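Topology and contacts: notes
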Amino acid sequence: MDIPPLAGKIAALSLSALPVSYALNHVSALSHPLGVALMSALILVLLFVAIYSLSHGEISYDPLYAVFAVFAFTSVVDLIISLQEDGYVVGFMEFYTKEGEPYLRTAHGVFICYWDGTVHYLLYLAMAGAICRRKRYRNLGLYWLGSFVMSILVFLPGNILGKYSSEIRPAFFLTIPYMLVPCWAGMRVFNQSQAPTCCTPHMVQEEQRKGLLQRPADLALVIYLALAGFFTLFRGLVVLDCPTDACFVYIYQYEPYLRDPVAYPKVQMLVYMFYVLPFYCLAAYALIFPGCSWLPDWALVFAGAVGQAQFSHMGASLHLRTPFTYRVPEDAWACFFVCNLLYALGPHLLAYRCLRRPAFFLRQPPPGPLAHHKKQH
């Protein structure tokens, strides 16, 4: 697949994060938290000015181009941080993880940096390439939106509530734009026109006549959503210190990471329970009753959200930065991996089903005057 010109321009610009981070790491003034915050803000401003001057036409066509370009740069920075914390590179971002955001050195911080530096980075290049070619990127944007918002919903409260709450530095307030941008970007992505479907009214009518038993794939998804919903509720009760024996056994023998005082796993399970669980219930309803046109879009959003969350949760549960007493015991690895991989895979299968055969979720057009006339006669 050929790389769109604009995606190549963003990739080249984002790779400038390598020499910039290396040079800043050797500036003695950055040994103070306030200096780190001010220098980081200055770099982002200069980066935005450079992007605006180089790609004014693309930004005029779609302002989200500037967002994707800046975030592609920060994605490379996050990848450097994760590789540095795992010992693969040295001498790049020590100043930032020490004086800027020390909670990025946790296992959860390392894995959200890995996700941002790989999955998000590729999404930014793909969406920027689509803008360059004046093509739609709605589906990619929805997946990115869910993933991005989920990382914020867990990481920011975890920083404030966990054991690193006393380590919050001025650089933490640079995350405020990260809280505002998804709101604006989400509205723009949702307002983009949907790709036309090849479903005729007759196809829609025939598909929506089928009962659930005549749609075995949908039946399997409904069963999955029910089981995943129970698992979500169960883990939510576990982190809320439910006194039942099942909860006690699970948190000590299967997922002791849920007890980690960094608070990220607890916040993650509560986000699952209060946001993902209601979606599973609504998605099951939409798979049973036709015409729920909202499901394909929101299935993509939650696929991105659960994918990011499970990657970070599973990785942090096994990472060496997690204290040994909170890591998954070796004799529970099989159960842990099966349950969590299935939990991550299900929303993606749901999104694939909605995009592959959307006829069941489309609203039937109202009968025209000609059809009404024929019905009368």
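Keep in mind that this is a model prediction, so the values were computed, not measured.

Rules of the game
- Residues numbered from 1 in each chain as written.
- Predicted model: local features only at pLDDT ≥ 70, side-chain atom pairs only at ≥ 80, totals over all residues.
- Heavy atoms only, no water.
- Axes fitted to C-alpha atoms, helices over the stretch in contact; angles between N-to-C directions.
- Helix = DSSP H or I, 4+ residues; strand = E, 2+ residues; numbered from the N terminus.
- Parallel < 35°, antiparallel > 145°, perpendicular 65-115°, else oblique.
- Left-handed = near helix turned anticlockwise from the far one by under 90°.
- Nonpolar A, V, L, I, M, F, W, Y, C, P; charged D, E, K, R; others polar.
- Expected span 1.5 Å × (residues − 1).
- Buried < 20%, exposed > 50% of the residue type's maximum accessible area, 1.4 Å probe, protein only.
- Arc of directions from axis to C-beta.
- Phe/Tyr/Trp six-rings, centres within 6.5 Å; stacked < 30°, edge-to-face > 60°.
- Contact = heavy atoms within 4.5 Å.
- Domains from an automatic or database assignment.
- Buried area = accessible area lost by both parts, 1.4 Å probe.
- Salt bridge = Lys/Arg side-chain N within 4 Å of Asp/Glu carboxyl O.
- Polar contact = N/O pair within 3.5 Å; in protein donor to acceptor, adjacent residues only side chain to side chain.
- pLDDT = per-residue confidence, 0-100.
- UniProt positions renumbered as here; feature names shortened; annotations may be inferred.
- Core = buried A, V, L, I, M, F, W, Y, C linked by side-chain atoms within 4.5 Å.
- Patch = residues over 30% accessible without salt bridge, like charges linked within 9 Å, V, L, I, M, F, W, Y side chains within 5 Å.
- Areas by Shrake-Rupley, 256 points an atom, 1.4 Å probe, with all protein chains shown as cover.

Let us now look at the packing of helix α5 (residues 64-85) against helix α7 (residues 107-132). In contact at an axis separation of 7 Å, α5 and α7 are set at 150° when each is read in the N-to-C sense. Judged by the angle between their axes, α5 and α7 are roughly antiparallel. The interaxial crossing formed by α5 with α7 has left-handed handedness. Looking at the contact of α5 with α7 residue by residue, the class counts come to 17 nonpolar, 6 polar and 3 charged.

Before going further, it helps to examine helix α3 (residues 33-54). Counted at 1.5 Å a residue, the expected span for α3 with its 22 residues is 32 Å, and the 32 Å between its end C-alpha atoms agrees. For α3, the set of buried residues is Pro-33, Val-36, Ala-37, Ser-40, Ile-43, Leu-47 and Ile-51. Around the axis of α3, the buried residues are gathered within 130° of arc, so they sit on the same side. Exposed side chains of α3 directed beyond 90 degrees from the buried face belong to Leu-38, Leu-46 and Ser-53.

For any pair of aromatic rings, the description consists of the separation of the ring centres together with the inter-plane angle of the planes. Under the criterion given, the structure shown has 29 aromatic pairs. Between Phe-155 and Tyr-264 the ring centres are 5.7 Å apart and the planes differ by 15°, which places this aromatic pair in the stacked class. With a gap of 109 residues between them, Phe-155 in helix α8 (residues 138-161) and Tyr-264 in helix α13 (residues 264-288) connect regions that are remote in the sequence. Its relative accessible area of 1% is what places Tyr-264 among the buried residues. Where Phe-248 meets Tyr-252, the ring centres are 4.7 Å apart and the plane angle is 40°; that geometry is what we call tilted.

This paragraph deals with helix α12 (residues 245-253). Along α12, the positions that sit buried rather than exposed are Cys-247, Tyr-250 and Ile-251. Taken down its axis, α12 places every buried residue within 90° of arc, on the same side. For α12, the exposed residues set more than 90 degrees away from the buried face come down to Asp-245 and Phe-248. Buried residues belonging to α12 abut α11 (216-239).

Let's shift gears to the domain arrangement of the chain. Segmenting the chain into domains produces domain 1 (8-191) and domain 2 (201-361). Its C-alpha centre places domain 1 at a distance of 27 Å from the equivalent point of domain 2. Taking both sides of the interface into account, the surface hidden between domain 1 and domain 2 amounts to around 2600 Å²; carbon and sulfur atoms contribute 71%. The largest contributions to the domain 1 side of the interface with domain 2 come from Phe-111, Tyr-143 and Met-150, which together make up 24% of the buried area. For the pair domain 1 and domain 2, the number of links is 2 salt bridges. A salt bridge links Glu-85 to Arg-321; its shortest N-O distance comes to 2.9 Å. In this structure, the connection of domain 1 to domain 2 is made through 7 residue pairs in polar contact (both at pLDDT 80 or more).

On to the packing of α13 against helix α15 (residues 333-356). For the pair α13 and α15, the least separation of the axes is 13 Å and the interaxial angle reads 40°. When the axis of α13 is compared with that of α15, the two are oblique. For the crossing formed where α13 meets α15, the hand is left-handed. For the pair formed by α13 and α15, the contact residues are Tyr-272, Val-276, Phe-279, Tyr-280, Ala-283 and Leu-287 on the first element and Tyr-343, Pro-347, Leu-350 and Arg-353 on the second. Split by residue class, the contact of α13 with α15 holds 9 nonpolar, no polar and 1 charged.

Bringing the confidence of the model for the chain into the picture now. When pLDDT is averaged along the chain, the result is 88; 94% of the residues meet or exceed 70. Across residues 1-6 the pLDDT falls below 50, and counting only partners more than four positions away or on other chains, this stretch makes 11 contacts in the model. Note that pLDDT drops below 50 for residues 370-375; the model gives that stretch 0 contacts with residues more than four away or on any other chain.

What follows deals with the UniProt feature "domain: EXPERA" (unreviewed entry) in the chain. In this numbering, the UniProt entry assigns the feature "domain: EXPERA" (unreviewed entry) to residues 61-186 and 217-351. Taken end to end, residues 61-186 comprises 71% helix and 0% strand; its first and last C-alpha atoms sit 17 Å apart. Between the C-alpha atoms that bound residues 217-351 the distance is 13 Å, and the span itself is 74% helix and 0% strand.

By size, the foremost hydrophobic cluster in this structure holds 102 residues, and its most contacted members are Phe-68, Trp-144, Tyr-280, Leu-295 and Leu-350. Counting only domains with at least three residues in this core, you end up with domain 1 (8-191) and domain 2 (201-361).

On the surface, Val-45, Phe-48, Val-49 and Tyr-52 cluster together to form a nonpolar patch covering roughly 360 Å² of accessible area. With respect to the element layout, Val-49 can be found in helix α3. The class for Val-49 is partly exposed, based on a relative accessible area of 48%.

This part is about unusual backbone geometry. Its identity is not glycine, yet Arg-134 carries a phi of approximately 55°, on the positive side. A relative accessible area of 41% means that Arg-134 is categorised as partly exposed.

Side-chain pairing between opposite charges can occur once the charged atoms of the two side chains come close. Taken as a whole and judged by the stated rule, the model has 12 salt bridges. Between Glu-167 and Arg-169 there is a salt bridge, with its nearest N and O atoms 2.6 Å apart. Judged by its relative accessible area of 27%, Glu-167 falls in the partly exposed class. Relative accessible area serves as the criterion here: at 18%, Arg-169 is assigned to the buried category. Residue Arg-215 is joined to Asp-218 by a salt bridge in which the shortest nitrogen-to-oxygen separation is 2.4 Å. Exposure class is identical for Arg-215 and Asp-218. Each is buried.

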